[in-house]
Amino acid sequence: MTSWERRMVDGTPRLFLQGDWRVAQLDKALRSFAWAKDGQDCTEISVAELEAADSATLAVLMEWTQQATERGMALRIRGASSNLQELASLYHLQDILPLYHD
C-alpha cells in the first residue's frame with residue numbers, strides 16, 4: 001500500500017513516505033495526495049519506511065525537489081536505502097536529488 005504521513009521531527013515537519021512507491025502503485029496514491037495540505041511546508045521527506053521503490057519513485061522525488069526549489073526552499077530526502085541511492089547513481093541523479101542515508 002502506498003501512503004504518507006506528516007510528522008514533526010525535532011520541531012521540523014517531515015513527510016514520511018510509506019509502503020510501495022513503484023510505478024504500478026503510484027498513480028492511484030498520487031491522485032489522492034493533497035501536496036498543499038500534507039507536504040508543501042515540509043522541507044524534509046523521509047523514505048526510510050518505504051517497502052519498495054523504483055525509477056518512478058525517483059521521478060516523483062525529482063518533481064518535488066524542483067517544486068521546492070521554485071518556492072525558494074531546499075528539500076532533503078532522508079533515510080534513503082543503499083538500493084535507492086544506487087538507483088539514483090545509475091541514472092546519474094546523485095548530484096540532483098538530495099538523498100541522505102541518515
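Keep in mind that what you see is a predicted model, and the values were worked out from it rather than measured.

A. Representation of the packing of aromatic side chains. Summed over all chains, the structure comprises two aromatic pairs. Aromatic side chains Trp4 and Trp21 sit 6.4 Å apart centroid to centroid with 65° between the ring planes, which places their arrangement in the edge-to-face category. With Trp4 in strand E1 (residues 2-9) and Trp21 in strand E2 (residues 12-21), this pair connects stretches of sequence that are 17 residues apart. Judged by its relative accessible area of 18%, Trp4 falls in the buried class. Judged by centre distance (6.1 Å) and plane angle (75°), the ring pair of Trp21 and Trp64 falls under edge-to-face. Here Trp21, found in strand E2, pairs with Trp64, found in helix H3 (residues 55-70); they are 43 residues apart in sequence, far enough to count as distant.

B. Examining unusual backbone geometry more closely. Positioned with a positive phi, Asp10 is a non-glycine residue whose angle comes to about 50°. In this fold, Asp10 is placed in the loop between E1 and E2. You can call Asp10 exposed: its relative accessible area is 79%. Positive phi outside glycine occurs at His92, with the angle close to 60°. Following the sequence through the fold, His92 ends up in the segment after helix H4 (82-90). With relative accessibility at 63%, the residue His92 sits in the exposed group.

C. Structural context of the sheet that holds strand E4 (residues 76-78). Taking strand neighbours across the sheet as the criterion, the four strands line up as E1-E2-E3-E4 in an open arrangement whose pairing is mixed. Pairing within the sheet leaves two strands with one partner each, and these edge strands are E1 and E4. In this sheet, adjacent strand axes meet at a mean angle of 25° when their direction is disregarded. In the sheet, E2 pairs with strand E3 (residues 44-53) via seven bridges, with the strands oriented parallel. Note that in E3 the partner of Trp21 across the bridge is Ala53. Contacts between H3 and the sheet are confined to E2, E3 and E4, with E2 contributing the most and set at about 160° to the helix.

D. Main features of H3. The end-to-end C-alpha separation of H3 is 23 Å, in line with the 22 Å expected for 16 residues at 1.5 Å each. Among the residues of H3, those classed as buried are Ala56, Thr57, Leu58, Val60, Leu61, Trp64, Thr65 and Ala68. Two or three places before Ala56, at the start of H3, stands the capping residue Asp54, its side-chain oxygen 3.0 Å from that residue's backbone nitrogen. Just downstream of H3 lies Gly72, where phi reads positive at about 80°.

E. Main features of the pairing of E2. The buried count for E2 comes to nine of 10 residues, which makes it a mostly enclosed element. Where E1 meets E2, eight bridges bridge the pair, whose relative direction is antiparallel. Within E2, the residue paired with Thr2 across the bridge is Gly19. From the end of E1 to the start of E2, which pair antiparallel, there are two residues, and Asp10 there has a positive phi angle of about 50°.

Cut-offs applied
Throughout, residues of each chain are indexed from 1 in the direction in which the sequence is written. Per-residue local features are limited, in this predicted model, to residues with pLDDT of at least 70; the limit for side-chain atom pairs, both in listing and counting, is 80 or more; totals at the level of whole chains, interfaces and linings are taken over all residues. Side-chain numbers come from the whole structure's heavy atoms, not from hydrogens or water. Within 6.5 Å between ring centres, the rings of Phe, Tyr and Trp (the latter by its six-membered ring) count as paired, and their orientation is classed by plane angle as stacked under 30 degrees, edge-to-face over 60, tilted in between. Elements are defined by DSSP. Helices are runs of H or I of four residues or more, strands are runs of E of two residues or more, and each kind is numbered from the N terminus. Throughout this description, buried means an accessible area under 20% of the type-specific maximum (1.4 Å probe, protein chains only), exposed means over 50%, and partly exposed covers the range between. Strand pairing is assigned whenever DSSP identifies at least 2 bridges connecting the two strands. For helices, the fitted axis covers only the stretch in contact; all axes are lines through C-alpha atoms, and the angles between them, taken along N-to-C directions, range from 0 to 180 degrees. Contact between two residues is taken to exist if any of their heavy atoms lie within 4.5 Å; hydrogens are not considered. In this analysis, the expected span of each helix is defined as 1.5 Å times one less than the number of residues it contains. N or O atoms closer than or at 3.5 Å make up a polar contact, with two conditions inside protein: a donor-capable atom paired with an acceptor-capable one, and, for residues adjacent in sequence, both atoms drawn from side chains.

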